[in-house]
Amino acid sequence: MSAIFAPAVSTMLARALAQAASGYVNQGNLYFVARNDPGEDGMFGIVSPLTSLQAAEQEAVRLGPEYGAFGPFDTTVALAIDNPIQLTVSDFEVTDSAGITFPIPGDRYDTLFYSVASVVKFAVPYYTQVYSSEFAQQVLEEFEANELGLMAHLPWSEYVDIDPDIQIDSEQRATCEPAQIPVLFKTDPLTGKYREYPFYPPRMVRSGVAGAVRAATPR
């Protein structure tokens, strides 16, 4: 075992790191920076991956002594098939039970959930591993309480801008990585139309300089 894993990591951190690495397919060996122990919010604050041990160690030093560099993680997937001519979904058109129809960009989300059962079976275990059981429970409660039974998930490997009109606290915007989160759809009080409302964990760490988070590949 590489010396980078000394001292030993907890099983909770190991699961979170494995979940993070699984979001990157066939991108070589990757390194992650995370808290050695969960913070007060129960999260490890895993940042976007890097392709070298040196870069990961530098990032860990920059974030502080509570952080460590972990890896390498081999992202090779033997069964992955790369079909360059395969068609992809460009858009979804969703109609609710009241007959209201609205579009969802097909390349923005990797998963859509539209039942409590699917959230419990797939989303809750994922968010429990990545963040905490408390956050997973909040996701389930938010879904059950939402006016529309639909939730989307932004994938680990895709870093996209969030609509700047969405009203969230400035500190929250500065510390949230808008890629590792569930998204609910609610009626905009001004337009009466459905729009996306990201549901943020209590606090997330963002690597790099301040500013908008845009499409990114591992460094």
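The shown structure was predicted, so the numbers you read here are calculated from the model rather than taken from an experiment.

Each helix and strand counted, the protein chain has 5 helices and 8 strands in total. Looking at the protein chain alone, contacts between residues at least 24 apart form 66% of all its contacts between residues at least 6 apart. If you sum the accessible surface of the protein chain, you get close to 12,300 Å²; carbon and sulfur atoms cover 55% of it.

On to the side chain of arginine 108. For arginine 108, the location among the structural elements is in the loop between strand S4 (101-105) and strand S5 (111-113). A distance of 3.4 Å separates polar atoms of two side chains, one belonging to arginine 108 and the other to tyrosine 109. A distance of 2.7 Å separates the side chain of arginine 108 from the side chain of glutamate 196, its partner in a polar contact.

In this section: the environment of threonine 76. Turning to its location among the elements, threonine 76 is positioned in the loop between strand S2 (67-74) and strand S3 (91-95). For threonine 76, a relative accessible area of 55% corresponds to the exposed category.

Time to look at the packing of helix H3 (residues 116-130) against helix H4 (residues 133-145). One way to put it is that H3 packs onto H4 with a least axis distance of 8 Å and a crossing angle of 155°. What the angle tells us is that H3 and H4 run roughly antiparallel. For H3 against H4, the interelement crossing comes out right-handed. Contact residues: Val116, Val119, Val120, Val124, Tyr127 and Thr128 in H3; Ser133, Phe135, Ala136, Val139, Leu140, Phe143 and Glu144 in H4. Split into classes, the residues belonging to the contact of H3 with H4 amount to 10 nonpolar, 2 polar and 1 charged.

Bringing helix H2 (residues 53-63) into the picture now. The set of residues buried in H2 consists of Ala56, Glu59 and Ala60. Projected down its long axis, H2 shows its buried positions confined to an angular sector of 100°, all on one face. For H2, the exposed residues lying more than 90 degrees away from the buried face are Gln54, Gln58 and Val61. Taken together, the buried residues of H2 touch strand S1 (29-35) and S2. Positioned one or two residues after H2, glycine 64 has a phi angle of 125°, which is positive.

Before going further, it helps to examine the pairing of S2. Burial of S2 is extensive: 6 of the 8 residues sit out of reach of the surface. Pairing between S1 and S2: 6 bridges, direction antiparallel. By the bridge assignment for S2, alanine 34 is matched with glycine 68.

What follows deals with the pairing of S3. In summary, the side chains of a regular strand alternate between the two faces of the sheet. Of the strand pairs in this sheet, S3 and S4 are connected by 5 bridges, and their pairing is antiparallel. Bridge pairing links phenylalanine 92 to isoleucine 104 in S4. Where S3 folds back onto S4 in an antiparallel hairpin, the turn is made up of 5 residues, including glycine 99, whose phi is positive at roughly 90°.

Bringing the pattern of salt bridges into the picture now. By the definition in use, this model includes 3 salt bridges. Arginine 108 is the salt-bridge partner of glutamate 196, the closest N and O atoms lying 2.7 Å from each other. Taken together, the residues span a long stretch of sequence, with glutamate 196 in strand S8 (residues 194-198) and arginine 108 in the loop between S4 and S5 at a distance of 88 residues. Side by side, glutamate 196 and arginine 108 carry an identical accessibility label, which is buried.

Let us now look at the confidence of the model for the protein chain. Averaged over every residue, the pLDDT of the protein chain is 76; the share at 70 or more is 74%. Confidence scores differ between elements of the protein chain, with helix H5 (residues 170-175) showing the lowest mean pLDDT of 39 and S3 the highest of 93. Contacts for the low-pLDDT stretch residues 157-179, under 50 throughout, to residues beyond four places or in other chains number 64 contacts.

Conventions adopted
Residues numbered from 1 in each chain as written. Predicted model: local features only at pLDDT ≥ 70, side-chain atom pairs only at ≥ 80, totals over all residues. Heavy atoms only, no water. Helix = DSSP H or I, 4+ residues; strand = E, 2+ residues; numbered from the N terminus. Contact = heavy atoms within 4.5 Å. Areas by Shrake-Rupley, 256 points an atom, 1.4 Å probe, with all protein chains shown as cover. Polar contact = N/O pair within 3.5 Å; in protein donor to acceptor, adjacent residues only side chain to side chain. Buried < 20%, exposed > 50% of the residue type's maximum accessible area, 1.4 Å probe, protein only. Axes fitted to C-alpha atoms, helices over the stretch in contact; angles between N-to-C directions. Parallel < 35°, antiparallel > 145°, perpendicular 65-115°, else oblique. Left-handed = near helix turned anticlockwise from the far one by under 90°. Nonpolar A, V, L, I, M, F, W, Y, C, P; charged D, E, K, R; others polar. Arc of directions from axis to C-beta. Pairing = 2+ DSSP bridges. Salt bridge = Lys/Arg side-chain N within 4 Å of Asp/Glu carboxyl O. pLDDT = per-residue confidence, 0-100.

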